[in-house]
Amino acid sequence: RWRTNDTLIGADIKNEPHGTQNETERAKWDGSTDKDNFKHFAETAAKKILAINPNWLIFVEGIEIYPKEGVSWDSKGLTDYHNMWWGGNLRGVRDFPIDLGAHQDQLVYSPHDYGPLVHLQPWFKGDWDRSTLERDVWDPNWLYLHKENISPLLIGEWGGFMDGGDNE
């Protein structure tokens, strides 16, 4: 439908793949071809899209959880995973990067991130500022992709409320 529309530059593979360790439907990120492996799904979908329009950018969001070192995806432990916003956890890229073959330079990782009044995540409790967010949340989840020159980033969703306070 949009193959020849030059006002479109790419496709976001899926909005906010998510799910936690206790959900039967969830997005995981590993080297398998399991039906819940979002990395495999993203590579498969991207290759089909690029076969139709080889000039598009491919935007890949993160997932919700990623197992801590030494923990398998089979664990149901509440503290066994790194949690992040839906679409924001790209920790798996370090171990299992997306492979688009000849189109690798068209890959853009696209996490989502919000301020504390959108949802009070644990990293917004207590004292925090930009430096703690960068160190404790952004760097390990997605900013490392830019800092280590692994891939371009496009923050696909972001925001907060202009309340004169913490969100700004």
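Throughout what follows, the structure given in this document is the object of discussion. Here the structure is a predicted model, which means the values were calculated and not measured.

The next subject is the overall build of the protein chain. When you go through the protein chain residue by residue, the secondary structure sums to 3 helices and 7 strands. Along its sequence from the N terminus, the protein chain presents helices and strands in the succession β-α-β-β-β-α-β-β-α-β. For 168 residues, the compact-globule estimate of 2.2 N^0.38 gives 15 Å, and the C-alpha radius of gyration of the protein chain, at 17 Å, lies within 12% of that figure. Principal-axis analysis of the C-alpha atoms gives the protein chain an extent of 50 × 40 × 30 Å. Across the 168 residues that make up the protein chain, the buried fraction comes to 43%. For the protein chain, the share of sequence-separated contacts (at least 6 apart) that also reach a separation of at least 24 residues comes to 66%.

Bringing the layout of surface pockets into the picture now. The computed volume of the second largest pocket comes to approximately 280 Å³. Lys14, Arg26, Ala27, Lys35 and Asp36 are the residues nearest the centre of the second largest pocket, which is lined by 13 residues in total. Considered class by class, the residues forming the lining of the second largest pocket number 4 nonpolar, 3 polar and 6 charged.

This brings us to the environment of Arg3. Considering the arrangement of structural elements, one finds Arg3 in the segment before strand S1 (10-12). If sequence neighbours within four positions are ignored, Arg3 has contacts with Ile52 and Asn53.

Before going further, it helps to spend a moment on the sheet that holds strand S2 (residues 57-60). Within a sheet, adjacent strands bond to each other through the backbone by hydrogen bonds, running parallel or antiparallel. Across the sheet, which stays open at both edges, the 3 strands sit in the order S1-S2-S5 with parallel pairing between neighbours. In this open sheet, the two strands that pair with only one neighbour each are S1 and strand S5 (107-109). Pairs of neighbouring strands in the sheet enclose a mean axial angle of 20°, with direction left out of account. As paired elements, S2 and S5 share 3 bridges and run parallel to each other.

Counted according to the given criterion, the structure contains 9 aromatic pairs. When the ring of Trp138 is compared with that of Trp142, the centres are 6.0 Å apart and the planes differ by 35°; the resulting orientation is tilted. Taken together, the residues Trp138 and Trp142, both in helix H3 (residues 130-147) and 4 residues apart, mark about one turn of the helix. Accessibility classification places Trp138 together with Trp142 in one group, the buried group. Taken together, Trp85, Tyr114, Trp123, Phe124 and Trp128 form an aromatic cluster joined through their ring pairs.

The end-to-end C-alpha distance of H3, which contains 18 residues, comes to just 16 Å, noticeably less than the 26 Å that a straight helix rising 1.5 Å per residue would cover. By the burial criterion, the buried members of H3 are Thr132, Leu133, Glu134, Val137, Trp138, Asn141, Trp142, Leu143, Tyr144 and Leu145. In the core, the buried residues of H3 are packed alongside helix H2 (92-95), S5 and strand S6 (112-114). Looking at the residues trailing H3, positive phi occurs at Asn149, about 55°.

Soluble globular proteins tend to pack their nonpolar side chains together in the buried interior. Counting residues in each nonpolar core, the largest one holds 33 residues, and the members touching the most others are Ile13, Trp29, Phe38, Val60, Ile98 and Tyr109. Mapped onto this core, the elements with two or more residues apiece are helix H1 (38-52), S2, strand S3 (65-67), S5 and H3. Here this core gets 7 residues from one element, more than from any other, and that element is H3. Contacts of Phe38, omitting those with residues within four sequence positions, involve Ile13, Lys14, Pro17, Ala27, Lys28, Trp29, Val60, Glu61 and Ile63.

Cut-off values and rules
- Residues numbered from 1 in each chain as written.
- Predicted model: local features only at pLDDT ≥ 70, side-chain atom pairs only at ≥ 80, totals over all residues.
- Heavy atoms only, no water.
- Helix = DSSP H or I, 4+ residues; strand = E, 2+ residues; numbered from the N terminus.
- Rg over C-alpha atoms; globule rule 2.2 N^0.38 Å.
- Buried < 20%, exposed > 50% of the residue type's maximum accessible area, 1.4 Å probe, protein only.
- Contact = heavy atoms within 4.5 Å.
- 1 Å grid on protein atoms, 1.4 Å probe; cavity = no way out; pocket = protein on both sides within 12 Å on 5 of 7 lines; lining within 4 Å.
- Points joined across faces, edges and corners; volume = space filled by probe spheres on them.
- Nonpolar A, V, L, I, M, F, W, Y, C, P; charged D, E, K, R; others polar.
- Pairing = 2+ DSSP bridges.
- Axes fitted to C-alpha atoms, helices over the stretch in contact; angles between N-to-C directions.
- Phe/Tyr/Trp six-rings, centres within 6.5 Å; stacked < 30°, edge-to-face > 60°.
- Expected span 1.5 Å × (residues − 1).
- Core = buried A, V, L, I, M, F, W, Y, C linked by side-chain atoms within 4.5 Å.

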